Amino acid sequence: MRIKYVGIIVIAVLILIGVVILLPIYFQQQPRPTVMLSFNIINNENIPKWCNDLASILQKHSIKATVFITGELAKSYPNCVTLFSSKNTVDIGSSTYNYSDLAPVSDYSKALEEIKGGKITVDNIGELDSKVFRAPYGSTDENIYSLLTNSGILADFSYTNQYNKYENGQFIKYDMIAYDGSNSSSLTELSKSLLSPKKPVMVNFDNSVPVSQIDSFIAGIKSKISNVDFTNASELTNILLTVRKNV
């Protein structure tokens, strides 16, 4: 009988040792839920106040994010660029010059002028070299990657199920999930996605969404998912997409 009990004890100890060894490996393999907050400044409805309030909220929560703005709005409200250009945690991207739908533009040179004009204006105001883009209305055509390449842009976040980054001479698709931050059900759906993360998540807000609502959204994610990683486009793609020339 003693031999039997000794055997049981030995087996139990071996199992315990195995659990102790394997648990850290198991937890290391579990990906942290990753969220990129995307803020799209598309009209002059409530800016520059919206930009000022957003900058305060991002600082309050100490999180990374990505801000897209048109060249026209950057020129009219330069503070909406410089507010974020001084923060290494925030990527700054462009959305054409006039927030123009690119898909119906059949003239390649005009589409290129729209994309380049937006980027150059944002860059000059922020003293940047911005390399991230989001198409107005998420609307593109087969020329988009040629246009982006010729504009010096390396990452595209125009879509609801993917982002694309420039690698080895071409744009490569990476899966992601996108949510509309203005939709009241998005927080619940997002929280469910983050419980078993398989893909990075992008949450889109434009400047029609009150900053108080954005504040509540961020707080809600933090309260539901303790280890969420708020990232920006540079970290997500592993490419430096906002080069600050004065740093």
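Because the structure is a prediction, the values reported are computed rather than measured.

1. A few points about the overall build of the chain
Broken down by element type, the chain carries nine helices and twelve strands. Among the 247 residues that make up the chain, the fraction classed as buried is 45%. Long-range pairs, those at least 24 residues apart, make up 71% of the contacts in the chain between residues at least 6 apart in sequence. Counting every atom, the chain has about 12,600 Å² of accessible surface; 54% of that belongs to carbon and sulfur.

2. Points about the pairing of strand β7 (residues 162-167)
Alignment of strand β6 (residues 155-156) against β7, held across two bridges, turns out to be antiparallel. Looking across to β7, one finds that Asp-156 is bridged to Asn-164. Where β7 hands over to strand β8 (residues 170-175), the hairpin turn is made up of two residues, of which Asn-168 adopts a positive phi near 50 degrees.

3. A look at the packing of aromatic side chains
Per the counting criterion, the structure on display carries eight aromatic pairs. Here Phe-39 and Trp-50 contribute two aromatic rings whose centre-to-centre distance is 6.4 Å and whose plane-to-plane angle is 65 degrees, an arrangement assigned as edge-to-face. Residue Phe-39 is found in strand β1 (residues 34-41), and its partner Trp-50 is found in helix α2 (residues 49-61); the two are separated by eleven residues along the sequence. In this pair, the class of Phe-39 matches that of Trp-50, namely buried. A centroid spacing of 5.5 Å and a plane angle of 20 degrees characterise the contact between Phe-39 and Phe-205, whose relative ring orientation is stacked. Here Phe-39 is found in strand β1, whereas its partner Phe-205 is found in strand β10 (residues 201-206), with 166 residues between them in sequence. Members of the aromatic cluster, joined through ring pairs, are Phe-39, Trp-50, Phe-205 and Phe-217.

4. Details of the state of the cysteines
Using the criterion set out here, one finds one disulfide in the structure. Between the sulfur atoms of Cys-51 and its disulfide partner Cys-80 the distance amounts to 2.0 Å. Sign of the S-S torsion, about 95 degrees for the bond between Cys-51 and Cys-80, identifies this disulfide as right-handed. On the criterion of sequence distance, the pair formed by Cys-51 in helix α2 and Cys-80 in helix α4 (residues 79-85) is long-range, its members being 29 residues apart.

5. Side note on α2
Helical periodicity: at 3.6 residues per turn, an α-helix aligns residues three or four positions apart in one direction. With 13 residues, α2 should reach 18 Å at 1.5 Å per residue; the first-to-last C-alpha distance of 19 Å fits that figure. Turning to α2, the residues buried within the fold contact β1, β2 (65-69), α4, β3 (90-94), β10 and α8 (211-224).

6. A few points about the environment of Asn-88
Within the secondary structure layout, Asn-88 lies in the loop between α4 and β3. In this structure Asn-88 comes out as exposed when scored by relative accessible area, which is 59%. Between the C-alpha atoms of Asn-88 and Arg-244, which are 156 residues apart in sequence, the distance is 8.4 Å. Sequence-distant contacts of Asn-88, defined by excluding residues within four places in its chain, comprise Asn-232 and Arg-244.

7. Examining the nonpolar core
Residues Leu-37 and Phe-39 are the most contacted members of the largest nonpolar core, which totals 40 residues. Per-element accounting of this core gives the leading share, six residues, to α2. When residues no more than four places from it in sequence are discounted, the contact partners of Phe-39 are Trp-50, Leu-54, Leu-58, Ala-65, Thr-66, Val-67, Phe-68, Phe-205 and Ile-214.

8. Comments concerning the confidence of the model for the chain
Of all residues in the chain, 86% have pLDDT values of 70 or greater, and the mean over the chain is 88. For residues 22-29, every residue scores under 50 in pLDDT, and the model assigns this stretch zero contacts once sequence neighbours within four places are set aside.

9. Focus: unusual backbone geometry
Geometrically, the link from Ile-47 to Pro-48 is a cis peptide bond, its omega value of 15 degrees lying close to zero. For Pro-48, the position within the fold is in the loop between β1 and α2. Positive phi outside glycine occurs at Tyr-137, with the angle close to 65 degrees. Note on placement: Tyr-137 falls in the loop between β5 (132-133) and α6 (144-150). Residue Asn-168 is not a glycine yet carries a positive backbone phi of 50 degrees. Looking at the element boundaries, Asn-168 is found in the loop between β7 and β8. What makes Asn-168 exposed here is its relative accessible area of 82%.

The rules behind each value
Residues numbered from 1 in each chain as written. Predicted model: local features only at pLDDT ≥ 70, side-chain atom pairs only at ≥ 80, totals over all residues. Heavy atoms only, no water. Helix = DSSP H or I, 4+ residues; strand = E, 2+ residues; numbered from the N terminus. Buried < 20%, exposed > 50% of the residue type's maximum accessible area, 1.4 Å probe, protein only. Contact = heavy atoms within 4.5 Å. Areas by Shrake-Rupley, 256 points an atom, 1.4 Å probe, with all protein chains shown as cover. Pairing = 2+ DSSP bridges. Phe/Tyr/Trp six-rings, centres within 6.5 Å; stacked < 30°, edge-to-face > 60°. Disulfide = S-S within 2.5 Å. Expected span 1.5 Å × (residues − 1). Core = buried A, V, L, I, M, F, W, Y, C linked by side-chain atoms within 4.5 Å. pLDDT = per-residue confidence, 0-100.

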